[in-house]
Amino acid sequence: MPSRPIPSPLPSSRSSVPELRPDAFTIPAQRDRAASRGSDAPGPARRSAGFRPDIEGLRALAVLAVLAFHAAVPGLAGGFVGVDVFLVVSGYLITGLLLREATTTGRIRLGEFFSRRARRLLPSAAIVLGVVALFGAWLTVPLRRADLEYDVLAAALSVGNWRFVAQQTDYLAAGRDESPLLHFWSLAVEEQFYLVWGPLLALTAYLVLRVVRGGRADGRGRAVRPVAAALAALLTAGSFALSLRWTHDSVSLAYLGTPSRVWQFGVGALLALLPWHLLGAPRVLRVPVGWGGAAAIVGCVLAYDTTTAYPGWAALVPTLGTAAVILAGTPGRGGAVASGFGVDRVLGLRVPRAIGRLSYNLYLWHWPVLVLAGAKFGPLDWPVKVALTAAAALPAAAVMRWVEQPLRHSRTVSELPRRGLSLGLASMVIPVVLALVVGSGTLRLLGPAVPVDLQGLPPGSSDGTSLLVRTAAPAKGAAVVPDAVQARKDFPPDGECEVAPTATTSPDCRFGVVGRPDRIVLLGDSHAGQWFSALLALAAERRWELEELVKQGCPLPEIPVVNPQLGRAYRECDTWRANALTRLKEGTKPRLIVVSALNRYTDDRELLLQGWEKTLSPLRELGVPIVYLRDTPIPGTDAPACVSGHTDDPAACEFPRDKALWADPLADEIAAGRVPGVRTVSVNDVICPGNGRSCPAVLERILLYRDDAHLTNVAVVVLTPRLERLLTESGALPPKGAPAAAAPVTADGWTQLLRDDFDGPAGSRPSAANWQYDLGTCYPGCPAAQWGTGEIETMTDSTANVRLDGRGALEIVPTRDAAGQWSSGRIESRRADFAPPPGGVLRIEAGIALPDVTGPAAAGYWPAFWTLGGELRNGYTGWPAIGELDVMEQVNGRDAVFSTMHCGVLDGGPCQEPRGLGSGDQPCGAECRAGFHRYAVEVDLTPGAEQVRWYLDGRELHRVAAARMDRATWDRAVGHGLFLILNVAVGGNLPTAFGGAVTPATEPGHPMRVDYVSVATKP
């Protein structure tokens, strides 16, 4: 799956998303003329209660920090904290506006509130979105253009942050260019917050005023303040806790998600809601508080960078610093403010305020200018970015002068709220229409994203001199396969087997001829996973099994890395790697292990080799061939996007060889003979032929890459013959058609399909290659609670319930916790195709010692060894028609066992359901608890003698002949594959029927012990 060539500590969410989205930074109120004109005259006489020139200047500090960060100005890598400054300021001012209305009028007019915001903000944003939609069509390649129009739609609808969250938390979306509208995430966050916060405050005011009746309206209105403050405090605390958690689990979600940013709005809201103006703090104290807050903000700009875990705890510093600046300038009793030496004086000067007034439009314009210029001219140096950012002030000032201010102050528009809302709606509709028009044209140009017809691919060459067989190379001018749209989605067809960054174990992913003793294991990260189709083809041709153990972005060598999706140390990778190695150690031995990984997790050669040795050492102990498949070239740019813009000249998308092919220390060590037991192969001489200065993105009309780092599945398919030849020449893979390992045949003609003697360390799990766990209290989808039989236990995969005893036996142990909750174990064979050959016999057998418990202590114990029809694995629920063979059951510690066949229909029928065709009690005294005894069932399809027989220690206990039922019922019950089940249930219908309901006297901890399980067939 796509990954960056060099894993970065944060996807583009940290390197480009911080943004300041100013609001109406003046709280509507009566202001003196000097303040309205922007006078810088000192003293309270120049400041009204509603206007804060220092906050207008604070906007300038915030936006300049972010612009410098986006322009990559050296030393200002922490400029993204400017967005935190703005969120606090916005929460303070908007909450103050709403509170002022509630306290003076006794209500909050939501229509007027949203109307003001719409006419203030949306027209300017609509112009930027429209320009991006149109200029993006000119400056970007078609595939990138299609993505951009979706970005326009999301930004216009104020859900851009969630689109970018989905992209940046999705490992599969890595490797694409940054969006010119990525900065619109914060506009979306704010609009989503106030869509909730405004109505919530209005509802709070309404409820409080219903309770507080009588008295003056402003007195009743002031009663809203403490209730609203308590509500804001609750939201702030909850959001901050969520931010800490998401910063740990997914940095993109924490950075861009609305819930994890609410707390910063909440800090600003608390500044407006709590009665700070009543605090008699001396001016001399306000000055250091204000300067300390400003120093905290500037310090973060200088000290933070993209390696800072953000937002999390680190966001507290700029957030509280902003709060300190606001508090320092908050008028006290009688309107007194800080002295002439306060930071508020500096921020209230003419220049900061002028920049602050322009900040909204400047921010809207600067990022699209930077990104679209980069798309057209390539990577830009920071001085060029600074110049472009400064140039963005021209359209920003023009829009503010001729669009924002006229509409904001228009008496016609502001007279009625519905007019402002209509203006806002139109501002959303226009860019949406533009995006749809441009986007639909782009999609028609690109064509539909239909899957590639793999059967129609030209054959690949095996000799290494070309990608395709020479005679099969398509004619010059033929279409590229896959096309650019197809390439983006041309992943290996392995379902959910390439596990995501948060996973710590892989599911049981087996393909090809599942259950065969010969198996290839594909192990590594997404650069190993890209070879899935090739190895599946090689396994299937030999009637082998393929097992995939692949994790996204997880280096196979044991080295520390930071995951860009999680934004922190990749601890899940270490756990997954250890689990994968343990699974291979404890499972059946494979025939071949193929390992591969991105070769750019570190450039520390010694660290890399040490990490490889830690991983390869336990693999070598397995004693099977290990092949290191060298990493393929890394384009470093979005190859499909480039090809979409150069369909007639794909050579324009070639990329530098020296950057694409890194030195590979492990391959060098293997070639030098210093890594015993490991061989190496490479297809790089095919996909980057010759010794020129570049590698192709398209070779012989095959588009090789699906992103900036991974091969398309089409490329892998046509490379399969070459890979097969390399593996066979290395001796790791037998030639096609060579005989596979045959299943062992005993002297009396039985062919063994399964034999597990449960050898392994004490306390370990049974072989994952042979067994899987049933978990919980019901089958997948829970068609019937309590496993459909009234059992009371919860089945687990804990070694407290299922474990090897270290002496060659499996133990399944029912346990009970302090709360009285029972747990136990239930395992199934992985294979579900155990069936007699045509006209032959299937024998299933196990050595079992029953739980050594009797009397009241055994009440509710229900050990069993049984089978079910394999079609149940496919979601088919036709029990009992699908067939069930109970090889052995015992309940309540009784000195008897019984065997049963279930088949036919649920009620009655030829199999007397739900009771089934049973053997009745068969004596089995204390010796069945004290030692192992052989329980077996044979399904005999010999013509003329079709029957099922049950045995205990070789003595036949029971039989059911085919003649006992109609042919259709018989065939449905035994004419298909079966899977095996071993379990100890607790309670349920059957123990109860024999007078053994679970009581407090029932003793936990008595295991059913299994010496071996075998399955064999005979012609």
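Residues numbered from 1 in each chain as written. Predicted model: local features only at pLDDT ≥ 70, side-chain atom pairs only at ≥ 80, totals over all residues. Heavy atoms only, no water.

Would you take a moment to explain helix H23 (residues 532-541) for this structure?
Structural remark: α-helix, 3.6 residues per turn; residues separated by three or four positions point the same way. Listed as buried for H23 are Phe532, Ser533, Ala534, Leu535, Leu538 and Ala539. Considering only its buried residues, H23 is in contact with strand S2 (510-512), strand S3 (519-524), helix H22 (526-529), strand S4 (545-551), strand S7 (592-596) and helix H30 (713-729). Remark: Arg543 follows H23 within two positions and exhibits a positive phi of approximately 55°. (Buried < 20%, exposed > 50% of the residue type's maximum accessible area, 1.4 Å probe, protein only. Helix = DSSP H or I, 4+ residues; strand = E, 2+ residues; numbered from the N terminus. Contact = heavy atoms within 4.5 Å.)

Quick question: what am I supposed to make of the packing of helix H8 (residues 185-211) against helix H12 (residues 262-273) here?
Two packed helices can be described by the angle between their axes and the distance between those axes. Axis separation between H8 and H12 bottoms out at 11 Å; the angle between their running directions is 60°. Accordingly, the angle class assigned to the pair H8 and H12 is oblique. You can see that H8 and H12 cross each other, and the crossing is right-handed. From H8, Val189, Glu190, Phe193, Tyr194 and Trp197 reach across to H12, where they touch Val262, Phe265 and Ala269. Looking at the contact of H8 with H12, its residues break down into seven nonpolar, no polar and one charged. (Axes fitted to C-alpha atoms, helices over the stretch in contact; angles between N-to-C directions. Parallel < 35°, antiparallel > 145°, perpendicular 65-115°, else oblique. Left-handed = near helix turned anticlockwise from the far one by under 90°. Nonpolar A, V, L, I, M, F, W, Y, C, P; charged D, E, K, R; others polar.)

Explanation requested: the state of the cysteines in the structure shown.
Disulfide: a covalent bond connecting the sulfur atoms of a pair of cysteines. This model, assessed by the stated rule, comprises six disulfides. One disulfide in the model links Cys554 with Cys573; its S-S distance is 2.0 Å. Taking the sign of the S-S torsion, about 80° here, the bridge from Cys554 to Cys573 comes out right-handed. Here Cys573 lies in helix H24 (residues 571-586) and Cys554 lies in the loop between S4 and strand S5 (562-563), a separation of 19 residues in the sequence. Residue Cys554 is classed as buried on the basis of its relative accessible area, which comes to 0%. A sulfur-sulfur distance of 2.1 Å marks the disulfide that ties Cys642 to Cys653. Classification of the bridge connecting Cys642 and Cys653 rests on its S-S torsion, roughly -100°, and on that basis the disulfide is left-handed. Taken together, the residues Cys642 in helix H26 (residues 639-644) and Cys653 in the loop between H26 and strand S9 (655-656) connect sequence positions 11 residues apart. (Disulfide = S-S within 2.5 Å.)

Would you take a moment to explain the packing of helix H5 (residues 110-139) against helix H18 (residues 393-409) for this structure?
Running from amino to carboxyl end, H5 crosses H18 at an angle of 145°, the nearest separation of the two axes being 8 Å. Helix-helix and strand crossings are classified by hand; for H5 and H18 the assignment is right-handed. Of H18, the residues touching H5 (which contributes Arg119, Arg120, Pro123, Ser124 and Ile127) are Val399, Val403, Glu404, Leu407 and Arg408. Here the residues of the contact of H5 with H18 are counted per class, giving five nonpolar, one polar and four charged.

Even after reading the chapter, I still don't get the sheet that holds strand S16 (residues 794-795), so can you show me in this structure?
Pairing between sheet strands relies on hydrogen bonds along the backbone, with the strands arranged either parallel or antiparallel. The strand order S16-S20-S19 describes an open sheet built from three strands, whose pairing is mixed. At either end of the open sheet lies a strand with only one pairing partner, and these are S16 and strand S19 (815-816). (Pairing = 2+ DSSP bridges.)

Teacher, can you tell me more about the pairing of strand S32 (residues 1008-1018) here?
It is a general feature of regular strands that their side chains alternate between the two faces of the sheet. Buried residues dominate S32, accounting for eight of its 11 residues. Examined bridge by bridge, strand S14 (residues 751-756) and S32 share five bridges and lie antiparallel to one another. Paired with Arg755 across the strands is Ser1014, a residue of S32. Looking at chain direction, strand S18 (residues 810-812) and S32 are connected through three bridges and run antiparallel. For Glu811, the partnering residue across the bridge sits in S32 and is Arg1009. As paired elements, strand S22 (residues 841-849) and S32 share nine bridges and run antiparallel to each other.

Where do I start with the side chain of Glu191 in this structure?
With respect to the helices, strands and loops of the structure, Glu191 is situated in helix H8. Side-chain polar atoms of Glu191 contact the side chain of Arg117, separated by 3.2 Å. (Polar contact = N/O pair within 3.5 Å; in protein donor to acceptor, adjacent residues only side chain to side chain.)

For this particular structure, what's the right way to read a nonpolar patch on the surface?
A cluster of nonpolar side chains, contributed by Leu425, Val429, Val433 and Val437, occupies part of the molecular surface with about 340 Å² of accessible area. By the element assignment, Leu425 lies in helix H20 (residues 417-446). Given a relative accessible area of 52%, Leu425 falls into the exposed group. (Patch = residues over 30% accessible without salt bridge, like charges linked within 9 Å, V, L, I, M, F, W, Y side chains within 5 Å. Areas by Shrake-Rupley, 256 points an atom, 1.4 Å probe, with all protein chains shown as cover. Salt bridge = Lys/Arg side-chain N within 4 Å of Asp/Glu carboxyl O.)

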